[in-house]
Amino acid sequence: VVSTQSTGSFNTLQHYYILNLIEMAVPAKPASLVKKETRAAALATKKATASKKLAALRLARRKEIIKKTAKYYKQYEAADREEIRLDREAKANGNYYVPAEAKLAFVVRLRGVNNIPPKPRKIMKLLRLRQNQQRNLCENSTKASKRKCSVSLNLHYLRVPQSEDRQGADLQAWIR
């Protein structure tokens, strides 16, 4: 609301400016801005549908993994029951049952990498334990790997029990 004098002219420049603002029409949005908004809306809908599909896919994969895990646990339980059965059978017949050895081993480097004789140094190189950052590793438990670690004085060879390995326990946490 702008007040004018009786003569009809404006008192100040301020009144003139306010009246011009009121009379001005609001300009329409630029075409580039309208295109940008429609493109952003289309991308948002695409992203929403893609995230829903991905969520459904992840859920299906998770269910499949759970089914496989249950199947593996049944196999592990059956193998454990078989071990117990064989042990009891051997005792009943007056014999001894020797269970299978661990298939995995955890090798730990106990000393540093300096001033090591050539043979243990070569073994450490084969096992990739010569780097300062690498202090331990998991390896298949074989006769050769056992001999390698017995030759080297600064490597400690730890066999992992099957039941611990089966339960999916973190190997390094088990060693600690």
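Model, not experiment: these values are computed from the prediction.

Peer 1: What's the story with the pairing of strand β1 (residues 104-109) in this structure? I'm lost.
Peer 2: A regular strand places its side chains on the two faces of the sheet in alternate fashion. Counting buried residues in β1 gives five out of six residues, a clear majority hidden from the surface. The sheet contact formed by β1 and strand β2 (residues 136-140) spans five bridges and is antiparallel. Residue Phe106 lies in a different strand from β2, and its bridge partner there is Cys138.

Peer 1: Sorry if this is basic, but what is going on with helix α2 (residues 31-92) here?
Peer 2: In an α-helix, one turn spans 3.6 residues, which is why side chains three or four residues apart end up on the same side. Its 62 residues place the ends of α2 91 Å apart at the C-alpha level, agreeing with the 92 Å of an ideal helix rising 1.5 Å per residue. Following α2 by one or two positions, Gly94 has its phi on the positive side, about 80°.

Peer 1: I tried to follow unusual backbone geometry on my own but got confused; where do I start?
Peer 2: Phi is positive for Asn115, close to 55°, though the residue is something other than glycine. Relative to the helices and strands, Asn115 resides in the loop between β1 and α3 (118-126).

Peer 1: For this particular structure, what's the right way to read the pattern of salt bridges?
Peer 2: Should their charged atoms come close, side chains of opposite charge can pair. Summed over all chains, the structure comprises four salt bridges. When the shortest N-O distance is used, the salt bridge between Lys68 and Glu64 registers 4.0 Å. Here Lys68 pairs with Glu64, and both are found in helix α2, just four residues apart, close to one helical turn. Residue classification places Lys68 among the partly exposed positions, given a relative accessible area of 43%. The salt bridge involving Glu82 is made with Arg85; its shortest N-O contact spans 2.5 Å.

What counts and what doesn't
Residues numbered from 1 in each chain as written. Predicted model: local features only at pLDDT ≥ 70, side-chain atom pairs only at ≥ 80, totals over all residues. Heavy atoms only, no water. Buried < 20%, exposed > 50% of the residue type's maximum accessible area, 1.4 Å probe, protein only. Helix = DSSP H or I, 4+ residues; strand = E, 2+ residues; numbered from the N terminus. Pairing = 2+ DSSP bridges. Expected span 1.5 Å × (residues − 1). Salt bridge = Lys/Arg side-chain N within 4 Å of Asp/Glu carboxyl O.

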